[in-house]
Amino acid sequence: MQWPGQLPQAKKSTEVRIKKTALPKVAQSSTTLAQLDENITHCFACPRLVTWREDVAVVKRKAYLEHQYWGKPISGFGVSKPRLMIVGLAPGAHGANRTGRIFTGDASGDWLFGSLHRIGIAKISTSFSRDDGQKLVHTRITTAVRCAPPDNKPSNDERDMCAPWLLREFELALPTTRAFVGLGAFAWSALFKALRELGHVIPTVKFGHGAQLIYTHEGVEYLLIASYHPSQQNTFTGKLTTTMLDSVLTKAGKFSHAID
Ligand code: SF4
């Protein structure tokens, strides 16, 4: 069993700033997931999202006025050689953008980690702080866009600007990763795009809860499977239930041998 290394630490904004012209090269030159994670935290490529993530960190939500917000891009979280990769949309303004860890500090995170705990992948059932002792088994969680966007809606330009980080993350993880879960249509589309850029010849599969594709690339079998995003919009309305989320994650966990 392999446990994740340390999360990157917050750096002062006066330190290295990766601008849009340098981003693809920095992403591609990252030789480990740990190095990639560290580099991502220095990204300043999207002016609108940099302003938003920093403004939210200053203004804060009333309930979190005493909290020191992270206010920077969010890296992936999990093991260095994942068998299972879970892809979300983007950090939450008062969740990951506050705590510094993906799917941490908001209701979506509790849903996702609750499910991962029930199926034996997450050590604890909640996700409230980067220091909560959470650990994942054979799994990594990441997002298509690394900075919290206004209204949870990155623009197409921002999506494309951030894509080299995801591309490199997949490339570094692919020697061990066998199943990918897309949480929501945005992530579903981003993971197809990244895998195609890495040479995987795969047909388009329409997004829907439980939609899946099993294919072979260079003799290795992969599973791509979709779930509705565990946002409050879906969980409050019953569009996504715990049973539905558990079912998709169990399927991906078993296929990839992240769980037995
Ligand atoms: S969204 Fe991605 S590309 Fe844009 S600033 Fe954040 S980390 Fe950089």
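Residues numbered from 1 in each chain as written. Predicted model: local features only at pLDDT ≥ 70, side-chain atom pairs only at ≥ 80, totals over all residues.

Looking now at the overall build of the protein chain. Along its length, the protein chain carries 9 helices and 6 strands. Its C-alpha atoms give the protein chain a radius of gyration of 17 Å, within 12% of the compact-globule value 18 Å for 260 residues. A principal-axis box enclosing the C-alpha atoms of the protein chain has dimensions of 45 × 40 × 35 Å. The 260 residues of the protein chain split such that 47% are buried. By sequence separation, contacts in the protein chain at least 24 residues apart represent 70% of the contacts at least 6 residues apart. (Helix = DSSP H or I, 4+ residues; strand = E, 2+ residues; numbered from the N terminus. Rg over C-alpha atoms; globule rule 2.2 N^0.38 Å. Buried ≥ 20, exposed ≤ 12 C-beta atoms within 10 Å, placed from the backbone. Contact = placed C-beta atoms within 7 Å.)

Quick look at the site of the ligand now. Of all residues adjacent to the ligand, which total 14 residues, the nearest are Cys-43, Cys-46, Arg-146, Cys-147 and Cys-162. Of all the elements in the fold, those that place two or more residues in the shell around the ligand are helix 3 (47-59) and helix 6 (156-173). Classifying every residue of the shell around the ligand gives 12 nonpolar, no polar and 2 charged. (Near = placed C-beta within 6 Å. Nonpolar A, V, L, I, M, F, W, Y, C, P; charged D, E, K, R; others polar.)

End to end, helix 3 covers 18 Å across 13 residues, agreeing with the expected 18 Å (1.5 Å per residue, within 8%). Phi turns positive, to about 65 degrees, at Lys-60, one or two residues after helix 3. (Expected span 1.5 Å × (residues − 1).)

The axes of two packed helices give the description: the angle between them and the distance between them. Put simply, helix 6 and helix 7 (residues 185-197) touch, their axes get as near as 9 Å, and they point 65 degrees apart. Crossing handedness for the pair helix 6 and helix 7: right-handed. Within the contact between the two elements, helix 6 uses Ala-163, Leu-166, Leu-167 and Phe-170 and helix 7 uses Ala-190, Lys-193, Ala-194, Leu-195 and Glu-197. By residue class, the composition of the contact of helix 6 with helix 7 is 7 nonpolar, no polar and 2 charged. (Axes fitted to C-alpha atoms, helices over the stretch in contact; angles between N-to-C directions. Left-handed = near helix turned anticlockwise from the far one by under 90°.)

In this structure's numbering, the residues bearing the UniProt feature "domain: Uracil-DNA glycosylase-like" (unreviewed entry) are residues 75-249. Counted over residues 75-249, helix gives 34% and strand 18%. Its end C-alpha atoms are 21 Å apart. (UniProt positions renumbered as here; feature names shortened; annotations may be inferred.)

Glancing now at the confidence of the model for the protein chain. Summarising the model, the protein chain shows a mean pLDDT of 95, and 95% of its residues fall at 70 or more. Across residues 1-6 the pLDDT falls below 50, and counting only partners more than four positions away or on other chains, this stretch makes 13 contacts in the model. (pLDDT = per-residue confidence, 0-100.)

What follows covers the nonpolar core. One finds Val-87, Ala-144, Val-181, Ala-187, Ala-190 and Leu-191 to be the most contacted residues of the largest nonpolar core, which totals 65 residues. Element by element, the count of residues in this core is highest for helix 7, at 8 residues. Contacts of Leu-191, omitting those with residues within four sequence positions, involve Val-87, Phe-180, Gly-182 and Leu-224. (Core = buried A, V, L, I, M, F, W, Y, C linked by C-beta atoms within 7 Å.)

With 13 residues, helix 7 extends 19 Å from end C-alpha to end C-alpha; this agrees with the ideal 18 Å at 1.5 Å per step. For helix 7, every residue scored as buried is listed here: Phe-186, Ala-187, Trp-188, Ala-190, Leu-191, Phe-192, Ala-194 and Leu-195. Check the buried side of helix 7 and you find it contacts strand 2 (84-88), helix 6, strand 4 (179-183) and strand 6 (220-227). Following helix 7 by one or two positions, Gly-199 adopts a phi angle in the positive range, close to 95 degrees.

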